[in-house]
Amino acid sequence: MGKRVPVVCALLMTWAGVVFGIGAYPPAIEGAKVETYKKVGGADLKVWLFYPTNAPAAGAQAAPLPAVVFFFGGGWRSGSPEQFVPQCRHLAARGMIAAVADYRVASRQQAKPAECVADAKSCVRWLRQNAARLGIDPHRLAAGGGSAGGHLAAAVATLPGLDEPGEDLSVSCVPNALVLFNPGLMMAPFGGIDMKGFGANLTSDRFGCEPQAISPIHHIRKGLPPTLILHGRADTTVPFVTAEAFRDEMKKAGNRCELVGYDGQPHGFFNKAKYDETLAEADRFLTALGYLPKKAGTP
């Protein structure tokens, strides 16, 4: 008997990011190097990079550093890159380059999720194209995000197509690792999971493309990057069962995928009650991959 999933993606579209503690837009982010990675439809899309305090200046003769870029949540409708600034400050202090990225959303640029995916792909490509100048190791470039932003990070890794027209597709947009916080991973019916209750809301008109084309779980294949998913078990916006299904499919394909569930936690929990715990898990995962140095006293 298939599992019943309550509202998932349709609610992602209506949540305006209230649960995330998102700040004002456009953001004023202190202590970060800011650059424009893309100009599209009158919008200048920026990325803010945090460097370790002891790192050489970008472009200096030094070993390139691992990096991670985070995409904010807000249902593809709103939100601010400020959401993941605390995580970035921590990771930069630990020794890697950490960035937050802007992308088009419905409330500001009338964008649909397909365009959000195109922007996220553009951002990862831009970071790789400019890796030498920015001091980034292009072979150790992770992506992360929460809710709709977690969907974007997973989409960049999994989805074919949905690229910005005219972009250099010879530059890979696939990250080398994923750190996902209650991400949207299932945008169309899949396997034995019962989509009854919200299937009518998953339409091409809503997404700007066919639902399956923007659904990460439908595009799992061997060779995807190692993935960490941090998810509240009481999440009614993106139910825990969708993360379980994604993890299971990743493992079937021979990919590394870890899922950490948090009892009693709802959507957006990672920037509230369980901020310290989820950040510690992300730190542990990135350390295990060699993106962060081991902490003193650990084996």
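Refer to the structure printed above.
Residues numbered from 1 in each chain as written. Predicted model: local features only at pLDDT ≥ 70, side-chain atom pairs only at ≥ 80, totals over all residues. Heavy atoms only, no water.

Caption draft 1: Representation of the pairing of strand 2 (residues 33-40). Judged from the seven bridges that link them, strand 2 and strand 3 (residues 43-50) form a sheet pairing that is antiparallel. Each bridged residue has a counterpart across the sheet, and for V40 the counterpart in strand 3 is A43. (Pairing = 2+ DSSP bridges. Helix = DSSP H or I, 4+ residues; strand = E, 2+ residues; numbered from the N terminus.)

Caption draft 2: Up close: the sheet that holds strand 7 (residues 177-181). The strand order across the open sheet formed by eight strands is 2-3-5-4-6-7-9-10, and the pairing between neighbours is mixed. Either end of the sheet is taken by a strand with one partner, and the two such strands are strand 2 and strand 10 (257-262). Each adjacent strand pair in this sheet contributes to an overall mean axis angle of 20°, direction not counted. One ladder, built from six bridges, connects strand 4 (residues 65-71) with strand 6 (residues 136-146); its direction is parallel. (Axes fitted to C-alpha atoms, helices over the stretch in contact; angles between N-to-C directions.)

Caption draft 3: Region of the structure containing unusual backbone geometry. For W76, which is not glycine, the phi torsion reads 60° and is therefore positive. Structurally, W76 is set in the loop between strand 4 and helix 2 (85-94). Among the residues examined, W76 registers a relative accessible area of 1% and is labelled buried. In this structure, S147 is a non-glycine residue whose phi angle is positive, near 60°. Relative to the elements of secondary structure, S147 occurs in the loop between strand 6 and helix 6 (148-158). Since its relative accessible area comes to 1%, S147 is described here as buried. (Buried < 20%, exposed > 50% of the residue type's maximum accessible area, 1.4 Å probe, protein only.)

Caption draft 4: Representation of the pattern of salt bridges within the structure. All told, the structure shown has 20 salt bridges when counted by the stated rule. Two residues, R94 and D283, come together in a salt bridge whose shortest N-O distance is 2.8 Å. Here R94, found in helix 2, pairs with D283, found in helix 9 (residues 275-288); they are 189 residues apart in sequence, far enough to count as distant. Overall, R94 belongs to the buried group, its relative accessible area being 15%. Relative accessible area serves as the criterion here: at 4%, D283 is assigned to the buried category. Between E277 and K274 there is a salt bridge whose closest N-O contact spans 3.7 Å. Overlapping salt bridges bring together K38, R104, E115, D119 and E164 as one network. (Salt bridge = Lys/Arg side-chain N within 4 Å of Asp/Glu carboxyl O.)

Caption draft 5: Empty space enclosed by the protein, seen in detail. One pass over the full model with this rule turns up one cavity of 30 Å³ or more. By volume, the largest cavity amounts to about 30 Å³. In terms of lining residues, the largest cavity is bounded by F70, Q87, L91, V179, F181, L279, A282 and L286. The set of elements that each furnish at least two residues to the lining of the largest cavity consists of helix 2, strand 7 and helix 9. At three residues, helix 9 tops the list of elements feeding residues into the lining of the largest cavity. Looking at the lining of the largest cavity residue by residue, the classes come out as seven nonpolar, one polar and no charged. (1 Å grid on protein atoms, 1.4 Å probe; cavity = no way out; pocket = protein on both sides within 12 Å on 5 of 7 lines; lining within 4 Å. Points joined across faces, edges and corners; volume = space filled by probe spheres on them. Nonpolar A, V, L, I, M, F, W, Y, C, P; charged D, E, K, R; others polar.)

The values reported here are purely geometric and, on their own, carry no functional implication.
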